[in-house]
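Structural characterization, general
Chain by chain, the residues:
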Amino acid sequence: MKISVLLASLVLFLSSAIAQNGGKISGSILQNGKAAGGASVSLLRARDSATVKIAAANSEGLYSFENIPDGKYVVSVTAVGHRKSFSKIIDVTAQQQVVQLPAINLVPVSKDMAGVTVTASRPLVEQRIDRTIVNVDASITNVGTSALEVLEKSPGVSVDRDGNISLKGKEGVLVMVDGRPTQLGGADLANLLRNMSSNQLDQIEIMTNPPARYDAAGTSGIINIKTKKTISAGYNGSATLTYSQGRYAKTAEGFNFNYREGKVNVFSTLSHNYMKQYGTINIDRNIFDNTTNTIDKVFNQEANRLAEGNAYNAKVGLDFFATKNTTFGAALTINSRHVLAKNPNITRISNSSKDLESVTKAMVDNKNDWNGLGTNLNFRTVLDKKGKELTSDIDFLKYGSQNDQFMVNSYTDAIGSPYRKADTLMGDLPQNIKVYTARVDYLQPMNKGAKFEAGIKTGIVRTDNNAAYDSIQNGRIIHDFNRSNHFVYEENINAAYVNLSAPLSKKITAQFGLRLENTNAKGVQKTTGEDFDRHYTQLFPTAFFQYKANDKNNFGANLGRRVRRPSYESLNPFIRFIDRYMYQKGNPALKPSVSTNLEISHTWKNQITTTLNYSRTKDVVDGIIEQKGQETYTIPANISSLTQFGLSINANTPITKWWTSSININAFNNNYKGVVSSAPIDLAATSFVVTGTQQFKVTKTLTAELNGRFRNGWYEGVMRAKSIAFMGIGVSQQVLKNAGTIRFTVRDIFHSQVFRGRSQYGNVDFEIEQVNETRIASIGFSYRFAKGKKIAPVKRTAGSATEEQDRIGQ
């Protein structure tokens, strides 16, 4: 409460005490000598074509942009049936604050282009001062893929065998959708992204060191997935249908629709995915004698998983423009997934001489039903002509998961004769999560292009997990009290931030921010009575600098501190069985990881960006492998500290008029130091990842693409992973006067995306090979339709539940 009062007082003081002046750019749009009302007008920065503001010409063809910081700009104009037009370069200075541009005349498209839908071509990757942007539709081979697969091909992003996401070799990424945290983490987040089709996506924003207005969560940064939104006076939309074939068939359908009339804008997105896929895992484990520390048993485990299911996603929303400066909005999101997985596996147990002694066969069936509901109410108002702005969000999220597990084990000796009775284990594993968040943000432009921001946020999370295990003995169901557990967790995070950005000179700009977060968490295992109650407050400063040496060279530096709180799934102490000898469990004793990150970058001609980075992370959370007799289990733990040095090069260059190249090289050295299972570790490795996309314009309507990725050996926590690579191809043909697109792609042509790794420490000696259905051919068709004039897009708020969603894990 004190924080809220203090911040509110600070905001009111600054808003009344700071006077501001800004530049003004105005002009008119003509069409055949007459006013072109409704034309879309954009103000772009001259140095990188970044959009600064968007407006629409009024009925008299007039437009204006106010409160413009000093700098060089270009005005671009678009209108249906006309070519895109540009103004000359505009220079706003302290001496020239008001600029009146001559009229911009729209040029009609040629007659042979009449009726053709003109689709703007965006580059695959755009480099901004504080983020990297991936335009999803710019890559042909994204057709028929999931959001997780799109991320895997993005610069600096890696996805491990379990779907965990890392950025520049570091785990701890906060994932948002349309500026709102997914509230999920781990396997839950991976499943959500697997069931989100690429046809829903517009852009991927990658921020390694976000400003203070963003949640401090994510030790390696933030990835924001932006879904498609096109705003027109009238209606517009698109429909997509994709068929994919690997070993099994898969389908995806999507539909987007937007309607704007008067003061009301309605938008919706619907999608459905059907999938059937296989996966195999081979594990070799050495069991050591506790007395002699020599190999006693050798376990060879082979699991074959076949999963089949459907996923449904729907989003509907409403924007109401109460006045010219005030907008109210509401959105409802529904996600549903139903998957049935069969996992037959076999474990061969041999002695130290590798002579077979016994065989255990298991049939594990998992039925998972997962449903999510999200609601958002938002408000935005511009307080005056100088650009003061107030926004607010209220979010409610509810996730429910029902996982039913049925496992039967049979035991035979080396010649196949049963030597003990078969056993059966049944698990009823529900999970319920509720999230309530609210935030208020204030923005105030100041003198000479400076900008002040401040905000407050509060969030409450409640999770309830009541796992019940039963076994069947002699035909009777017996409750398993040792494996069953009931865990309840509650968390409250309160935050406040201030952020100030300003030009220090004509060539140097800076941004400084400070975020305070207060965390209160408590958990109780009702079955055992164990509990914890934690309270802590942390500060997260950020600083950004940019130096524009000349038109070709830009230098940047940023410094920040971030936190990675454990996902709700990893705090849950439930046991999740893989087979008779392997299982997973959570750890309620986990502490948050805190990292300090430093980056220095250089950009040449907005085409090649080179970045040096350093980070230091304390209390790194990662999965470790524990050996307990013949059983092995994985558990998340604060295993070590991590020191990383890295170098990345991102090049987006046109080779010829018909060939465009996008290449990202990321090299890093990770050094883990700590104690795992009472054994000290000091693991270091230098790794690199190369991601490339080559696009070829064969004709005006036919394009082709070749993409690939290679990652050499690296440490995934305490596991040393071997090199991995894949390659894909695709072609795209525009049809129906460019309103339709047909795309054909093949991913992982050589089926080389196979994970292999090994862990050796203490009494653990473990090797794994994992093969998934990654070689898939897809053919997709999309159709775009619209009626009405394009206007300035709705500036929607980002939502208040970003971090909480990212930690839920679906």
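Cut-offs and rules
- Residues numbered from 1 in each chain as written.
- Predicted model: local features only at pLDDT ≥ 70, side-chain atom pairs only at ≥ 80, totals over all residues.
- Heavy atoms only, no water.
- Pairing = 2+ DSSP bridges.
- Helix = DSSP H or I, 4+ residues; strand = E, 2+ residues; numbered from the N terminus.
- Contact = heavy atoms within 4.5 Å.
- 1 Å grid on protein atoms, 1.4 Å probe; cavity = no way out; pocket = protein on both sides within 12 Å on 5 of 7 lines; lining within 4 Å.
- Points joined across faces, edges and corners; volume = space filled by probe spheres on them.
- Nonpolar A, V, L, I, M, F, W, Y, C, P; charged D, E, K, R; others polar.
- Core = buried A, V, L, I, M, F, W, Y, C linked by side-chain atoms within 4.5 Å.
- Buried < 20%, exposed > 50% of the residue type's maximum accessible area, 1.4 Å probe, protein only.
- Phe/Tyr/Trp six-rings, centres within 6.5 Å; stacked < 30°, edge-to-face > 60°.
- Lys NZ or Arg CZ within 6 Å of the ring centre and 35° of its normal.
- Patch = residues over 30% accessible without salt bridge, like charges linked within 9 Å, V, L, I, M, F, W, Y side chains within 5 Å.
- Areas by Shrake-Rupley, 256 points an atom, 1.4 Å probe, with all protein chains shown as cover.
- Salt bridge = Lys/Arg side-chain N within 4 Å of Asp/Glu carboxyl O.

**Points about the sheet that holds strand β13 (residues 157-159)**
Strand order in the open sheet made by the three strands is β13-β14-β15, with antiparallel pairing throughout. The sheet is open, and its two edges are formed by β13 and β15 (170-171), each paired on a single side. Here strand β14 (residues 165-167) runs beside β15; their pairing, made up of two bridges, is antiparallel. Bridge pairing in β15 places Ser-166 opposite Glu-171.

**So, the environment of Val-157**
Within the secondary structure layout, Val-157 lies in strand β13. Separated by twelve residues in sequence, Val-157 and Gly-169 have C-alpha atoms that sit 7.9 Å apart. Excluding residues that lie within four positions of it along the chain, Val-157 makes contacts with Leu-151, Glu-152, Ile-165, Ser-166, Leu-167, Ile-206, Ile-223 and Arg-709.

**Focus on the layout of surface pockets**
Sizing a probe to match a water molecule and rolling it over the atoms shows the empty space that remains. Size it by volume and the second largest pocket reaches roughly 290 Å³. Around the second largest pocket, the lining comprises 17 residues; the ones closest to its centre are Arg-420, Asp-423, Thr-424, Ser-471 and Arg-483. Elements supplying a minimum of two residues to the lining of the second largest pocket: β26 (389-413), β27 (418-445), β28 (451-473) and β29 (476-503). Among the elements that line the lining of the second largest pocket, the one with the most residues is β27, at six residues. Residue classes in the lining of the second largest pocket are distributed as five nonpolar, five polar and seven charged.

**Describing the nonpolar core**
Residues Tyr-489, Phe-577, Ile-624, Val-676, Tyr-761 and Phe-766 are the most contacted members of the largest nonpolar core, which totals 51 residues. The greatest single-element share of this core, amounting to five residues, is contributed by strand β37 (residues 631-654). Each residue touching Val-676, except ones within four places of it in the same chain, is listed here: Ile-624, Ile-639, Ile-681, Val-718 and Tyr-761. Counting residues in each nonpolar core, the second largest holds 23 residues, with Leu-124, Ala-147, Leu-148 and Val-175 among its members.

**So, the packing of aromatic side chains**
What characterises a pair of aromatic rings is the spacing of the ring centres plus the angle enclosed by the ring planes. With the rule as written, the count across this model stands at 25 aromatic pairs. With a centroid separation of 6.2 Å and 45° between ring planes, the pair formed by Tyr-489 and Phe-532 is classed as tilted. Here Tyr-489, found in strand β29, pairs with Phe-532, found in strand β31 (residues 531-548); they are 43 residues apart in sequence, far enough to count as distant. Judged by its relative accessible area of 5%, Tyr-489 falls in the buried class. With centroids separated by 5.7 Å and ring planes inclined at 35°, the aromatic side chains of Trp-659 and Phe-696 adopt a geometry described as tilted. Residue Trp-659 is found in strand β38 (residues 659-676), and its partner Phe-696 is found in strand β39 (residues 679-697); the two are separated by 37 residues along the sequence. Overall, the relative accessible area of 27% leaves Trp-659 in the partly exposed class. Residue classification places Phe-696 among the partly exposed residues on the basis of a relative accessible area of 25%. Every member of this aromatic cluster is reached through a ring pair, and the members are Tyr-235, Phe-255, Phe-257 and Phe-785. Its guanidinium or amino end placed over the ring of Tyr-411, Arg-420 lies 4.1 Å from that ring's centre, counting from NZ or CZ. In this structure, Arg-580 packs its charged tip against the face of Tyr-581, placed 5.3 Å from the ring centre.

**What about a nonpolar patch on the surface?**
A grouping of Leu-559, Leu-598, Ile-600, Leu-612, Tyr-614, Phe-645, Leu-647, Ile-649, Ile-663 and Ile-665 is seen on the molecular surface, where their side chains present a nonpolar patch of about 820 Å² in accessible area. Residue assignment for the nonpolar patch shows that the elements contributing at least two residues are β35 (593-604), β36 (608-628), β37 and β38. Sort the elements by how many residues they give to the nonpolar patch and β37 lands first, with three residues. Within the secondary structure, Ile-665 is located in strand β38.

**A look at the pattern of salt bridges**
A pair can form between side chains of opposite charge whenever their charged atoms are brought close. Evaluation of the coordinates by the stated rule reveals 23 salt bridges. Residue Arg-213 pairs with Glu-453 through a salt bridge whose shortest N-O separation is 3.8 Å. Note that Arg-213 is positioned in the loop between β18 (201-207) and β19 (221-227) and Glu-453 in strand β28, a separation of 240 residues in sequence. The salt bridge partner of Asp-384 is Lys-388, with a shortest N-O separation of 3.9 Å. Among the residues examined, Lys-388 registers a relative accessible area of 13% and is labelled buried. Connected through shared salt-bridge partners, Asp-215, Lys-457, Arg-515, Glu-517 and Arg-565 make up one network.

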